[in-house]
Amino acid sequence: MLLQQYRSLYRIRRVEEVIAAHYREQQMRCPVHLSIGQEAVAVGVCTQLHREDALFSGHRAHAHYLAKGGDLQALFAELYGKATGCCSGRGGSMHLIDLAVGFWGATPIVAGTVPLAVGVALAWQLQGRSGVSAVFIGDGAMEEGVVHESLNYAAQQQLAVLFICENNGYAVYTRLAGRQPPRQIHALAAAHGLTVAVADGNDVELVSQHSAAAVAAMRQGGGPQFLELTTHRWLEHCGPDDDDHLGYRQPGELAAWRERCPLALAAERLQVRDAVSEATLVQLRQQVEDEIAAALEAAQNAPEPDGCERLEHLYGE
Ligand SMILES: Cc1ncc(C[n+]2csc(CCOP(=O)(O)OP(=O)(O)O)c2C)c(N)n1
Ligand SMILES: [Mg+2]
């Protein structure tokens, strides 16, 4: 299991590094919010979801999409605005949708998908369908009124919604303490009557264990669950660059988080605890590199969308 998760962590890290490297060529004409440093949240949670479960995300969605089983070529192509993108090149980085893998949508509107996740869970409850509806939010999304309305309603109706707060300590340039009074984020969800847990979001095994418990409880009718997972974004809020020189982080903060790299933690555990050989990891990484190179090339060579289709999907049939 950890080896699979490491593969997924490495794949997501490298995909985003490749996006960052090519972004400067100005061929991806959409803003990109990268999750480098936060990969264990996406991987640990999605390991516990089924393909049929619904997943929603926000502006920082690449890792969530890939961890849920999203198609790599379709992700790259979407960023390049190509016809083979998961939204036919209409959406770009912040509007990923792929119902084939249960990825119900991402949106740049902070917290915009939260009530949609609740709505899916309500629909499935009314239809007598099992399944979990999960939504990733940031710490900043906790400042949106609709999140509290959604937590309240999900608890009141005992809906199978998994709220995952990826607490990276910042909304753009403002740290949590500058935005919210000193209290725990998960305490807000607990006050709404949800079952809550908090864990180190850089430890993929811990994330996975807490997610497994939350999902199992929901599948047994245990009502909505809330996970707060602490982590840190390594690069700038939006874009491919490092921005530590801007000085909005505490001195040494980024360096300390880099020391706690989710990939390095998993790799060390694999080698020291599970006696996985270096050769196995090298081979695994090479497979991932080959897959990424092929998917990138396919996306770059994919056709542009046919302009005639541009009014499709704007109106109901
Ligand atoms: C409703 C709304 N308000 C403000 C913004 C501008 N905005 C985009 S991302 C962001 C910060 C979000 O912080 P957080 O939820 O912690 O997510 P993170 O970027 O840290 O992953 C803001 C304020 C927006 N897109 N939507
Ligand atoms: Mg944040």
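Please read these numbers as outputs of a predicted model, since none were measured by experiment.

Engineer: An account of unusual backbone geometry is requested, with residue identities and associated values reported.
Structural biologist: Non-glycine residue S88 carries a positive phi angle of around 55°. Tracing the backbone shows S88 in the loop between α4 (72–79) and β2 (103–106). Backbone geometry at V172 places phi at a positive 55°, although glycine is not the residue there. If you trace the backbone, V172 turns up in the loop between β5 (170–171) and β6 (174–175). Judged by its relative accessible area of 36%, V172 falls in the partly exposed class.

Engineer: Lay out the coordination of the magnesium ion (ligand 2) with the relevant residues and their values.
Structural biologist: Taken together, D139 (OD), N168 (OD1) and Y170 (O) make up the protein donors of the magnesium ion (ligand 2), found 2.1 Å from the metal. Donor residues for the magnesium ion (ligand 2) sit on one chain with the sequence pattern D-x28-N-x1-Y. In this pair, D139 is assigned in the loop between β3 (133–138) and α6 (145–157) and N168 in the loop between β4 (161–167) and β5, connecting sequence segments 29 residues apart. Given the relative accessible area of 7%, N168 is considered buried.

Engineer: Can you lay out the site of ligand 1 for me, pointing to particular residues and giving the numbers?
Structural biologist: Taken together, 15 residues lie near ligand 1, and H59, R60, P108, G140 and N168 sit nearest. In this structure, an oxygen atom belonging to ligand 1 sits 2.9 Å away from a main-chain N or O atom of Y170. In terms of residue class, the shell around ligand 1 is made up of 7 nonpolar, 5 polar and 3 charged.

Engineer: Account for the packing of aromatic side chains, with residues named and values stated.
Structural biologist: This model, assessed by the stated rule, comprises 6 aromatic pairs. A centroid spacing of 5.0 Å and a plane angle of 55° characterise the contact between Y173 and Y248, whose relative ring orientation is tilted. Here Y173 is found in the loop between β5 and β6, whereas its partner Y248 is found in the loop between β8 (225–230) and α9 (253–259), with 75 residues between them in sequence. Taken together, F56, W104 and W124 form an aromatic cluster joined through their ring pairs. Of note, R13 hangs over the ring of W234, and the distance from its end group to the ring centre comes to 4.6 Å.

Engineer: How would you sum up the confidence of the model for the protein? Please name residues and give values.
Structural biologist: For the protein, mean pLDDT is 97; residues scoring 70 or higher make up 100% of the total. Per-residue pLDDT, averaged within each element of the protein, yields its smallest value for β2 (97) and its largest for helix α2 (residues 39–46) (99).

Engineer: For the sheet that holds β8, give the residues involved together with the corresponding values.
Structural biologist: The 6 strands are arranged β2-β1-β3-β4-β8-β7 in an open sheet whose pairing can be described as parallel. Edge positions in the sheet fall to β2 and β7 (195–200), since each of these pairs with one other strand and no more. The sheet shows a mean angle of 15° between the axes of neighbouring strands, taken without regard to direction. With 6 bridges connecting them, β3 and β4 associate as parallel partners.

Engineer: How would you sum up the nonpolar core? Please name residues and give values.
Structural biologist: Ranked by internal contacts, the top residues of the largest apolar core, which has 71 residues, are Y6, F76, L162 and I164. Looking at this core element by element, the count peaks at 10 residues for helix α1 (residues 2–23). Aside from chain neighbours lying at most four places away, what touches I164 is V41, V45, A134, V135, F136, I137, L227 and L229. In this structure, M142, A154, L188 and L194 belong to the second largest nonpolar core, which totals 26 residues.

Engineer: Give me helix α11 (residues 278–301): which residues, what numbers.
Structural biologist: Across its 24 residues, α11 extends 35 Å between first and last C-alpha, which sits within 8% of the 34 Å expected from 1.5 Å per residue. Within α11, the full set of buried residues consists of L281, L284, V288, I292, A295, L296 and A299. Tucked into the core, α11 has its buried residues touching α1, α4 and α10 (262–272).

Engineer: Talk me through the environment of V198; I want residue IDs and the actual numbers.
Structural biologist: The topology assignment puts V198 in strand β7. Sequence-wise, V198 and I185 are 13 residues apart; in three dimensions their C-alpha atoms are separated by 9.2 Å. Those residues in contact with V198, other than ones at most four positions away along the chain, are H186, H210 and E228.

What counts as what
Residues numbered from 1 in each chain as written. Chains lettered and ligands numbered in written order. Predicted model: local features only at pLDDT ≥ 70, side-chain atom pairs only at ≥ 80, totals over all residues. Heavy atoms only, no water. Helix = DSSP H or I, 4+ residues; strand = E, 2+ residues; numbered from the N terminus. Buried < 20%, exposed > 50% of the residue type's maximum accessible area, 1.4 Å probe, protein only. Donors = N, O, S within 2.8 Å, 3.2 Å for Na, K, Ca; no water. Near = heavy atom within 4 Å. Polar contact = N/O pair within 3.5 Å; in protein donor to acceptor, adjacent residues only side chain to side chain. Nonpolar A, V, L, I, M, F, W, Y, C, P; charged D, E, K, R; others polar. Phe/Tyr/Trp six-rings, centres within 6.5 Å; stacked < 30°, edge-to-face > 60°. Lys NZ or Arg CZ within 6 Å of the ring centre and 35° of its normal. pLDDT = per-residue confidence, 0-100. Pairing = 2+ DSSP bridges. Axes fitted to C-alpha atoms, helices over the stretch in contact; angles between N-to-C directions. Core = buried A, V, L, I, M, F, W, Y, C linked by side-chain atoms within 4.5 Å. Contact = heavy atoms within 4.5 Å. Expected span 1.5 Å × (residues − 1).

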